[in-house]
Amino acid sequence: MRRGLRTSRRPAAAGGLDVVLATIASDSHTWNLIFLELLLREWGHRVVNLGPCVPDALLRGECQARRPDLVVISTVNGHGADEGARLARTLRAAPGLGTVPLVIGGKLGTGQEDPLVSARNLVDAGFSAVFGHDNGGMARFRRFVDRVGAGARC
Ligand code: B12
């Protein structure tokens, strides 16, 4: 699920995007982050991986200091649907982070929730796009990242 992609301030530098990669505060899983870091680097982007269990305030501060082109949240512990919404509201309320492309993906719930409702809530909270644990997720993510890289407004 995706809402209007608001790429903001500058087209991506020729050498790729500056990406901040993080997870939600409760999530201690690490290999999802390593996987995404390597994947984004392979696609030609620069990645700052903040590691597991990232407090909301730490991520907000890092994003305000670094002004990334893209913020990627990866979470698999099942709390992403709720905690992710809180995180998005925190980031969107922060000066300078109102329009940065912000996505979340992984295993976002525990399987009890309706994934479409969860995705809608996450978009309403401020995510630019949500990538659930489905077969096409990575391909959609690639297209999204490419669009940000192209400075698209869609
Ligand atoms: C290893 C592991 C752990 C280790 C983590 C060690 C570490 N340092 O990383 C330990 C033992 C600590 C652990 C703990 C827990 N875990 Co665990 N863990 C796993 C396990 C077995 C493998 C995860 C892994 O490393 N995968 C490899 C990476 C590369 O794959 P991935 O995480 O799936 O990520 C892929 C996709 O999700 C996707 N993706 C991820 N993020 C994003 C983001 C975007 C933008 C996109 C496009 C795609 C994407 O791309 C990745 C590559 O394909 C999984 C089960 C499984 N087989 O997946 C359970 C699993 C993730 N854990 C689970 C749970 C419940 C827990 C605990 C709550 C258990 C407990 N009761 O304590 C705790 C939570 C701890 C916490 N605070 O977060 C559940 C989550 C259930 C859910 N979401 O519904 C799982 C799925 C097991 C299960 N089937 O129940 N866990």
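In case you missed it, the structure is sitting above this.
Conventions adopted
- Residues numbered from 1 in each chain as written.
- Predicted model: local features only at pLDDT ≥ 70, side-chain atom pairs only at ≥ 80, totals over all residues.
- Heavy atoms only, no water.
- Donors = N, O, S within 2.8 Å, 3.2 Å for Na, K, Ca; no water.
- Helix = DSSP H or I, 4+ residues; strand = E, 2+ residues; numbered from the N terminus.
- Contact = heavy atoms within 4.5 Å.
- Phe/Tyr/Trp six-rings, centres within 6.5 Å; stacked < 30°, edge-to-face > 60°.
- Buried < 20%, exposed > 50% of the residue type's maximum accessible area, 1.4 Å probe, protein only.

Help me understand the coordination of the cobalt atom of the ligand in this model?
Protein coordination of the cobalt atom of the ligand is limited to a single donor, H29 (NE2), positioned at 2.2 Å. Inspection of the secondary structure assignment puts H29 in the loop between β1 (18-22) and α1 (31-42).

Whenever I open this one, the environment of G80 confuses me. Can you help?
If you trace the backbone, G80 turns up in helix α3 (residues 80-93). For the pair G80 and T110, spaced 30 residues apart in sequence, the C-alpha to C-alpha distance is 9.3 Å. With residues near it in sequence (within four places) discarded, G80 still touches I24, T75, A85, I104, L108 and L122.

Is there a simple way to explain the packing of aromatic side chains in this structure?
The geometry of an aromatic ring pair is captured by two quantities: the separation of the ring centres and the angle between the planes. Using the criterion set out here, one finds three aromatic pairs in the structure. For the ring pair W43 and F141, a centre distance of 5.7 Å and an interplane angle of 45 degrees mean the geometry is tilted. Here W43, found in the loop between α1 and β2 (46-49), pairs with F141, found in helix α5 (residues 137-149); they are 98 residues apart in sequence, far enough to count as distant. For the pair shown, W43 and F141 are each scored as buried. Taking 5.4 Å as the distance between ring centres and 75 degrees as the angle between the ring planes, the aromatic pair formed by F131 and F141 counts as edge-to-face.

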